[in-house]
Amino acid sequence: MGVLKRYGEYLPVTEKTPAVNLEEGSTPLVRLGRIGSDLGIELWGKLEGCNPTGSFKDRGMVLAVAKALEDGAKAFVCASTGNTSASAAAYAARVGAPCYVLLPSGKVAMGKLAQSLMYGAKVIAVDGNFDRTLEMAREASAKYGFAIVNSINPYRLISQRTGAWEICESLGDAPDMHAIPVGNAGNISAYWAGYREFHKRGRSKKLPRMMGFQAEGASPLVTGKECPNPETVATAIRIGNPVSANLAREAARESGGEFNSVTDAEILDAQRVLASKCGIFAEPASCAPLAGLIKLKRSGRLPEGSKVVMVLTGNGLKDPDTALSQVEKPVSIGGTMEDLIEAIRL
Ligand code: AN7
(Lines give C-alpha, C1' and ligand atoms only; values in the text may rest on other atoms or scores of the structure.)
Protein backbone atom coordinates (compact mmCIF):
# COMPACT_ATOMS: atom_id res chain seq x y z
CA MET A 1 0.00 0.00 0.00
CA GLY A 2 3.05 2.32 0.08
CA VAL A 3 4.69 3.71 3.22
CA LEU A 4 2.64 6.92 3.38
CA LYS A 5 -0.50 4.85 3.69
CA ARG A 6 0.87 2.04 5.84
CA TYR A 7 2.53 4.37 8.36
CA GLY A 8 0.67 7.64 7.75
CA GLU A 9 -0.27 7.96 11.43
CA TYR A 10 3.43 8.03 12.43
CA LEU A 11 4.57 10.30 9.58
CA PRO A 12 4.04 14.03 8.97
CA VAL A 13 1.31 13.34 6.42
CA THR A 14 -1.74 15.65 6.38
CA GLU A 15 -4.82 15.88 4.19
CA LYS A 16 -2.85 18.41 2.12
CA THR A 17 0.03 15.99 1.44
CA PRO A 18 -0.24 14.52 -2.09
CA ALA A 19 -0.73 10.74 -1.92
CA VAL A 20 2.47 9.81 -3.78
CA ASN A 21 2.83 6.05 -4.03
CA LEU A 22 4.86 3.48 -5.92
CA GLU A 23 3.99 0.66 -3.49
CA GLU A 24 7.36 1.10 -1.80
CA GLY A 25 8.17 -0.55 1.53
CA SER A 26 6.62 -3.75 2.96
CA THR A 27 9.73 -5.57 1.76
CA PRO A 28 10.39 -9.22 2.64
CA LEU A 29 12.28 -10.14 5.81
CA VAL A 30 13.89 -13.48 4.99
CA ARG A 31 15.49 -15.97 7.38
CA LEU A 32 19.02 -16.73 6.16
CA GLY A 33 19.27 -20.15 7.76
CA ARG A 34 22.37 -21.58 6.12
CA ILE A 35 24.60 -18.56 6.68
CA GLY A 36 23.08 -18.00 10.11
CA SER A 37 23.99 -21.49 11.27
CA ASP A 38 27.54 -21.07 9.92
CA LEU A 39 27.79 -17.92 12.04
CA GLY A 40 26.02 -19.39 15.08
CA ILE A 41 23.29 -16.74 15.01
CA GLU A 42 19.65 -16.30 13.95
CA LEU A 43 20.18 -14.23 10.82
CA TRP A 44 17.55 -12.31 8.86
CA GLY A 45 17.86 -10.23 5.69
CA LYS A 46 15.59 -7.27 4.93
CA LEU A 47 15.29 -7.31 1.15
CA GLU A 48 15.28 -3.61 0.32
CA GLY A 49 16.19 -4.48 -3.26
CA CYS A 50 12.51 -5.41 -3.64
CA ASN A 51 11.50 -1.74 -3.52
CA PRO A 52 10.17 -0.25 -6.78
CA THR A 53 13.52 1.22 -7.86
CA GLY A 54 15.52 -1.60 -6.28
CA SER A 55 16.85 0.10 -3.15
CA PHE A 56 15.82 1.41 0.28
CA LYS A 57 15.91 4.98 -1.01
CA ASP A 58 12.25 4.77 -2.09
CA ARG A 59 11.08 4.73 1.55
CA GLY A 60 12.39 8.23 2.16
CA MET A 61 12.02 9.60 -1.35
CA VAL A 62 8.25 9.16 -1.39
CA LEU A 63 7.80 11.47 1.61
CA ALA A 64 10.49 13.95 0.49
CA VAL A 65 8.78 14.31 -2.89
CA ALA A 66 5.26 14.47 -1.43
CA LYS A 67 6.20 17.18 1.10
CA ALA A 68 8.13 19.18 -1.51
CA LEU A 69 5.05 19.16 -3.76
CA GLU A 70 2.89 20.17 -0.81
CA ASP A 71 5.24 23.14 -0.34
CA GLY A 72 4.95 24.11 -4.01
CA ALA A 73 8.21 22.68 -5.42
CA LYS A 74 8.35 22.53 -9.20
CA ALA A 75 11.61 20.61 -9.70
CA PHE A 76 13.97 18.31 -7.82
CA VAL A 77 17.73 18.01 -7.52
CA CYS A 78 20.03 15.48 -5.88
CA ALA A 79 23.60 14.28 -5.78
CA SER A 80 24.05 10.55 -5.73
CA THR A 81 26.28 7.51 -5.86
CA GLY A 82 23.41 6.05 -7.93
CA ASN A 83 20.50 4.81 -5.87
CA THR A 84 19.23 8.16 -4.61
CA SER A 85 19.23 9.43 -8.18
CA ALA A 86 17.33 6.39 -9.47
CA SER A 87 14.72 6.85 -6.76
CA ALA A 88 14.46 10.64 -7.14
CA ALA A 89 14.13 10.29 -10.91
CA ALA A 90 11.37 7.71 -10.55
CA TYR A 91 9.28 9.70 -8.06
CA ALA A 92 9.80 12.92 -10.04
CA ALA A 93 8.52 11.08 -13.12
CA ARG A 94 5.61 9.77 -11.08
CA VAL A 95 4.52 13.30 -10.14
CA GLY A 96 5.44 14.85 -13.50
CA ALA A 97 8.23 17.15 -12.31
CA PRO A 98 11.73 17.64 -13.73
CA CYS A 99 14.65 16.15 -11.82
CA TYR A 100 18.33 17.04 -12.03
CA VAL A 101 20.78 14.42 -10.81
CA LEU A 102 24.50 14.97 -10.21
CA LEU A 103 26.67 11.86 -10.30
CA PRO A 104 30.39 11.29 -9.74
CA SER A 105 31.54 10.66 -13.30
CA GLY A 106 32.41 7.02 -14.10
CA LYS A 107 31.68 5.82 -10.55
CA VAL A 108 28.01 4.89 -10.76
CA ALA A 109 26.90 1.30 -11.42
CA MET A 110 25.40 0.77 -14.87
CA GLY A 111 21.91 -0.25 -13.76
CA LYS A 112 21.50 2.87 -11.65
CA LEU A 113 22.61 5.10 -14.50
CA ALA A 114 20.19 3.36 -16.86
CA GLN A 115 17.36 3.88 -14.38
CA SER A 116 17.92 7.62 -13.94
CA LEU A 117 18.12 8.14 -17.71
CA MET A 118 15.09 5.96 -18.40
CA TYR A 119 12.93 7.76 -15.82
CA GLY A 120 13.74 10.93 -17.75
CA ALA A 121 15.95 12.80 -15.31
CA LYS A 122 18.52 15.31 -16.51
CA VAL A 123 21.67 13.35 -15.64
CA ILE A 124 24.86 15.35 -15.09
CA ALA A 125 28.18 13.52 -14.62
CA VAL A 126 30.52 15.62 -12.48
CA ASP A 127 34.30 15.35 -12.54
CA GLY A 128 34.55 14.87 -8.78
CA ASN A 129 33.53 12.49 -6.02
CA PHE A 130 30.13 12.20 -4.32
CA ASP A 131 31.01 14.68 -1.60
CA ARG A 132 31.69 17.35 -4.26
CA THR A 133 28.49 16.57 -6.17
CA LEU A 134 26.53 17.08 -2.95
CA GLU A 135 28.04 20.52 -2.43
CA MET A 136 27.09 21.43 -5.99
CA ALA A 137 23.55 20.06 -5.60
CA ARG A 138 23.08 22.18 -2.46
CA GLU A 139 24.21 25.27 -4.35
CA ALA A 140 21.95 24.50 -7.30
CA SER A 141 19.04 24.02 -4.92
CA ALA A 142 19.65 27.44 -3.37
CA LYS A 143 20.21 29.13 -6.73
CA TYR A 144 17.24 27.70 -8.64
CA GLY A 145 14.82 26.85 -5.85
CA PHE A 146 14.84 23.13 -6.72
CA ALA A 147 13.80 20.89 -3.85
CA ILE A 148 16.87 18.94 -2.74
CA VAL A 149 16.04 15.31 -2.00
CA ASN A 150 19.33 14.10 -0.55
CA SER A 151 19.17 12.96 3.06
CA ILE A 152 19.84 16.53 4.21
CA ASN A 153 16.13 16.79 3.40
CA PRO A 154 14.67 15.83 6.81
CA TYR A 155 11.71 13.95 5.31
CA ARG A 156 14.05 11.35 3.85
CA LEU A 157 15.24 10.07 7.22
CA ILE A 158 11.83 10.50 8.85
CA SER A 159 10.29 8.13 6.34
CA GLN A 160 13.25 5.73 6.26
CA ARG A 161 12.33 4.87 9.88
CA THR A 162 9.57 2.71 8.37
CA GLY A 163 12.15 -0.02 7.71
CA ALA A 164 12.71 -0.46 11.46
CA TRP A 165 8.96 -0.52 12.12
CA GLU A 166 8.43 -3.26 9.55
CA ILE A 167 11.21 -5.35 11.14
CA CYS A 168 9.65 -4.97 14.61
CA GLU A 169 6.23 -5.91 13.26
CA SER A 170 7.59 -8.95 11.39
CA LEU A 171 9.66 -10.30 14.30
CA GLY A 172 7.28 -9.19 17.06
CA ASP A 173 10.16 -7.22 18.58
CA ALA A 174 13.42 -5.54 17.60
CA PRO A 175 16.40 -7.85 16.94
CA ASP A 176 19.47 -8.01 19.23
CA MET A 177 21.70 -6.59 16.55
CA HIS A 178 21.04 -4.49 13.46
CA ALA A 179 23.76 -4.68 10.78
CA ILE A 180 23.77 -2.06 8.03
CA PRO A 181 26.09 -0.56 5.41
CA VAL A 182 27.10 3.05 6.03
CA GLY A 183 27.85 5.63 3.36
CA ASN A 184 26.36 9.04 4.01
CA ALA A 185 25.19 7.58 7.34
CA GLY A 186 21.52 8.50 6.93
CA ASN A 187 20.03 5.03 6.97
CA ILE A 188 21.68 3.86 10.19
CA SER A 189 20.48 7.08 11.83
CA ALA A 190 16.95 6.59 10.50
CA TYR A 191 16.77 2.96 11.64
CA TRP A 192 17.95 3.91 15.13
CA ALA A 193 15.32 6.66 15.32
CA GLY A 194 12.74 4.15 14.11
CA TYR A 195 13.64 1.52 16.71
CA ARG A 196 13.60 4.13 19.48
CA GLU A 197 10.23 5.48 18.33
CA PHE A 198 8.60 2.02 18.37
CA HIS A 199 10.17 1.28 21.75
CA LYS A 200 8.83 4.55 23.17
CA ARG A 201 5.35 3.74 21.87
CA GLY A 202 5.48 0.32 23.50
CA ARG A 203 5.44 -1.46 20.14
CA SER A 204 8.75 -3.24 20.90
CA LYS A 205 10.59 -4.30 24.07
CA LYS A 206 14.19 -4.43 22.91
CA LEU A 207 16.55 -1.94 21.33
CA PRO A 208 19.16 -3.43 18.99
CA ARG A 209 22.89 -2.74 18.94
CA MET A 210 23.47 -0.68 15.79
CA MET A 211 26.38 -2.15 13.85
CA GLY A 212 27.54 0.00 10.92
CA PHE A 213 29.86 -1.36 8.23
CA GLN A 214 31.96 0.70 5.85
CA ALA A 215 34.35 -0.20 3.04
CA GLU A 216 37.96 0.12 4.15
CA GLY A 217 38.76 2.71 1.44
CA ALA A 218 35.83 4.90 2.53
CA SER A 219 35.62 4.45 6.28
CA PRO A 220 35.62 7.87 7.98
CA LEU A 221 33.41 6.62 10.83
CA VAL A 222 35.88 3.85 11.61
CA THR A 223 39.06 5.90 11.34
CA GLY A 224 37.49 8.98 12.93
CA LYS A 225 38.66 11.29 10.18
CA GLU A 226 37.28 12.55 6.89
CA CYS A 227 38.44 10.59 3.86
CA PRO A 228 39.29 13.02 1.01
CA ASN A 229 39.69 10.35 -1.69
CA PRO A 230 37.23 7.55 -0.98
CA GLU A 231 37.70 4.41 -3.09
CA THR A 232 35.83 1.09 -3.06
CA VAL A 233 34.25 -1.42 -5.42
CA ALA A 234 31.04 -0.78 -3.45
CA THR A 235 30.41 2.50 -5.29
CA ALA A 236 27.13 3.13 -3.42
CA ILE A 237 29.12 3.80 -0.24
CA ARG A 238 32.10 5.54 -1.85
CA ILE A 239 31.63 8.57 0.44
CA GLY A 240 34.35 10.31 2.44
CA ASN A 241 32.49 12.93 4.46
CA PRO A 242 29.11 11.56 5.63
CA VAL A 243 26.41 14.18 6.13
CA SER A 244 24.82 12.31 9.04
CA ALA A 245 28.09 11.32 10.74
CA ASN A 246 27.09 12.80 14.09
CA LEU A 247 23.67 11.15 14.17
CA ALA A 248 25.28 7.84 13.23
CA ARG A 249 27.90 8.10 15.98
CA GLU A 250 25.11 8.84 18.42
CA ALA A 251 23.21 5.76 17.22
CA ALA A 252 26.23 3.53 17.74
CA ARG A 253 27.03 5.02 21.14
CA GLU A 254 23.51 5.00 22.54
CA SER A 255 22.83 1.47 21.36
CA GLY A 256 26.13 -0.09 22.41
CA GLY A 257 26.97 -0.66 18.77
CA GLU A 258 30.04 0.13 16.72
CA PHE A 259 31.49 0.78 13.26
CA ASN A 260 33.75 -1.66 11.49
CA SER A 261 35.34 -1.70 8.06
CA VAL A 262 35.72 -4.51 5.56
CA THR A 263 37.93 -4.81 2.50
CA ASP A 264 36.65 -4.90 -1.07
CA ALA A 265 37.72 -8.56 -1.30
CA GLU A 266 35.68 -9.38 1.83
CA ILE A 267 32.66 -7.54 0.40
CA LEU A 268 32.82 -9.45 -2.89
CA ASP A 269 33.25 -12.79 -1.07
CA ALA A 270 30.20 -12.01 1.06
CA GLN A 271 28.23 -11.10 -2.08
CA ARG A 272 28.96 -14.53 -3.57
CA VAL A 273 28.16 -16.32 -0.30
CA LEU A 274 24.81 -14.54 0.00
CA ALA A 275 23.86 -15.34 -3.59
CA SER A 276 25.08 -18.92 -3.68
CA LYS A 277 23.94 -19.99 -0.19
CA CYS A 278 20.70 -18.04 0.12
CA GLY A 279 19.54 -17.20 -3.40
CA ILE A 280 19.73 -13.47 -2.72
CA PHE A 281 21.59 -11.19 -5.11
CA ALA A 282 22.42 -7.91 -3.40
CA GLU A 283 24.68 -5.14 -4.64
CA PRO A 284 28.23 -4.92 -3.23
CA ALA A 285 27.53 -2.14 -0.69
CA SER A 286 24.67 -4.20 0.73
CA CYS A 287 27.07 -7.06 1.41
CA ALA A 288 29.41 -5.07 3.68
CA PRO A 289 27.38 -6.10 6.77
CA LEU A 290 27.66 -9.80 5.97
CA ALA A 291 31.39 -9.39 5.36
CA GLY A 292 31.56 -7.65 8.73
CA LEU A 293 29.57 -10.32 10.58
CA ILE A 294 31.89 -13.00 9.17
CA LYS A 295 34.84 -10.95 10.42
CA LEU A 296 33.30 -10.47 13.87
CA LYS A 297 32.64 -14.21 14.09
CA ARG A 298 36.28 -14.97 13.24
CA SER A 299 37.51 -12.66 15.97
CA GLY A 300 35.07 -14.20 18.50
CA ARG A 301 33.03 -11.01 18.82
CA LEU A 302 29.69 -12.25 17.49
CA PRO A 303 27.55 -13.40 20.43
CA GLU A 304 26.32 -16.98 19.88
CA GLY A 305 22.60 -17.30 19.28
CA SER A 306 21.88 -13.60 18.84
CA LYS A 307 19.10 -12.46 16.56
CA VAL A 308 20.61 -10.30 13.82
CA VAL A 309 18.90 -8.38 11.01
CA MET A 310 20.97 -7.25 8.03
CA VAL A 311 19.59 -4.61 5.72
CA LEU A 312 20.26 -5.70 2.14
CA THR A 313 19.96 -2.16 0.88
CA GLY A 314 20.11 -2.58 -2.91
CA ASN A 315 19.45 -5.13 -5.63
CA GLY A 316 22.41 -6.97 -7.18
CA LEU A 317 21.03 -6.35 -10.68
CA LYS A 318 22.02 -2.71 -10.37
CA ASP A 319 25.70 -3.57 -10.78
CA PRO A 320 26.06 -6.46 -13.22
CA ASP A 321 29.60 -5.42 -14.22
CA THR A 322 31.03 -5.99 -10.75
CA ALA A 323 29.20 -9.30 -10.43
CA LEU A 324 30.38 -10.57 -13.82
CA SER A 325 33.97 -9.69 -13.02
CA GLN A 326 33.78 -12.08 -10.03
CA VAL A 327 32.38 -15.23 -11.58
CA GLU A 328 33.36 -17.74 -14.24
CA LYS A 329 32.14 -17.15 -17.78
CA PRO A 330 29.25 -19.31 -19.05
CA VAL A 331 30.28 -22.54 -20.81
CA SER A 332 29.88 -22.04 -24.58
CA ILE A 333 28.98 -25.07 -26.68
CA GLY A 334 27.74 -25.97 -30.15
CA GLY A 335 24.12 -26.82 -30.83
CA THR A 336 24.25 -30.62 -30.62
CA MET A 337 23.20 -32.93 -27.77
CA GLU A 338 26.73 -34.38 -27.82
CA ASP A 339 28.05 -30.89 -27.02
CA LEU A 340 25.57 -30.60 -24.17
CA ILE A 341 26.38 -34.04 -22.77
CA GLU A 342 30.04 -33.13 -22.87
CA ALA A 343 29.36 -29.80 -21.08
CA ILE A 344 27.27 -31.38 -18.32
CA ARG A 345 29.97 -33.97 -17.70
CA LEU A 346 32.58 -31.25 -17.18
C1 AN7 B 1 22.78 0.22 -1.74
O2 AN7 B 1 22.48 6.84 -3.63
O3 AN7 B 1 24.34 7.71 -0.88
O4 AN7 B 1 24.54 5.49 4.85
O5 AN7 B 1 23.58 8.66 -3.28
O6 AN7 B 1 22.91 2.98 -2.26
O7 AN7 B 1 22.20 6.17 4.26
O8 AN7 B 1 24.11 6.79 2.78
C9 AN7 B 1 23.54 5.56 -1.44
C10 AN7 B 1 23.82 4.93 -0.27
C11 AN7 B 1 23.91 1.65 1.44
C12 AN7 B 1 24.43 3.87 2.31
N13 AN7 B 1 23.54 0.78 0.49
O14 AN7 B 1 23.34 4.46 2.97
C15 AN7 B 1 23.24 7.52 -2.94
C16 AN7 B 1 23.76 6.97 -1.67
C17 AN7 B 1 23.20 1.23 -0.74
C18 AN7 B 1 23.26 2.59 -1.03
C19 AN7 B 1 23.99 3.00 1.20
C20 AN7 B 1 23.68 3.50 -0.05
P21 AN7 B 1 23.55 5.81 3.76
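Residues numbered from 1 in each chain as written. Predicted model: local features only at pLDDT ≥ 70, side-chain atom pairs only at ≥ 80, totals over all residues. Heavy atoms only, no water.

**As for the nonpolar core**
Generally speaking, a soluble globular protein has its nonpolar side chains buried in company with each other. Residues Phe76, Tyr191 and Tyr195 are the most contacted members of the largest nonpolar core, which totals 54 residues. Among the elements that line this core, the one with the most residues is helix α3 (residues 57-70), at seven residues. Not counting residues up to four positions away in its chain, the partners in contact with tyrosine 195 are Ala164, Ile167, Cys168, Ala174, Pro175, His178, Ser204, Leu207, Pro208 and Met210. Core analysis: the second largest hydrophobic core is formed by 32 residues, Leu47, Ile267, Ile280 and Cys287 among them. (Core = buried A, V, L, I, M, F, W, Y, C linked by side-chain atoms within 4.5 Å. Buried < 20%, exposed > 50% of the residue type's maximum accessible area, 1.4 Å probe, protein only. Helix = DSSP H or I, 4+ residues; strand = E, 2+ residues; numbered from the N terminus. Contact = heavy atoms within 4.5 Å.)

**A word on the environment of leucine 157**
Examined against the element boundaries, leucine 157 turns out to sit in helix α7 (residues 154-160). Placed 130 residues apart in sequence, leucine 157 and cysteine 287 show a C-alpha to C-alpha distance of 22 Å. Contact partners of leucine 157, with chain neighbours within four places excluded, come to Ser151, Gly186, Ser189, Ala190, Ser244 and Leu247.

**Points about the pattern of salt bridges**
Using the criterion set out here, one finds 23 salt bridges in the structure. With a shortest N-O distance of 2.6 Å, glutamate 48 and arginine 59 are connected by a salt bridge. Taken together, the residues glutamate 48 in the loop between β2 (42-47) and α3 and arginine 59 in helix α3 connect sequence positions eleven residues apart. Arginine 59 gets classed as buried once you look at its relative accessible area, which sits at 1%. Note that glutamate 258 is salt-bridged to arginine 209, the shortest N-O span being 3.7 Å. Of the two residues, glutamate 258 sits in strand β9 (residues 258-262) while arginine 209 sits in strand β8 (residues 209-215), which places them 49 residues apart along the sequence. The class for arginine 209 is partly exposed, based on a relative accessible area of 26%. A cluster of three or more residues bridged by salt bridges with shared partners is formed by Arg6, Lys46, Glu48, Arg59, Glu166, Glu169 and Arg203. (Salt bridge = Lys/Arg side-chain N within 4 Å of Asp/Glu carboxyl O.)

**Thoughts on the sheet that holds strand β6 (residues 147-148)**
Spatially, four strands are ordered β5-β4-β3-β6 in an open sheet, and the strand pairing comes out parallel. The open sheet has two edge strands with one neighbour each: β5 (122-126) and β6. As paired strands, strand β4 (residues 99-104) and β5 are joined by five bridges and run parallel to one another. Along β5, the bridge assignment pairs leucine 103 with alanine 125. Those strands touched by helix α4 (residues 83-95) are β3 (76-79) and β4, and its axis lies near 170° from that of β3. (Pairing = 2+ DSSP bridges. Axes fitted to C-alpha atoms, helices over the stretch in contact; angles between N-to-C directions.)

In short, the description is geometric, and any link to function would need to be established separately.
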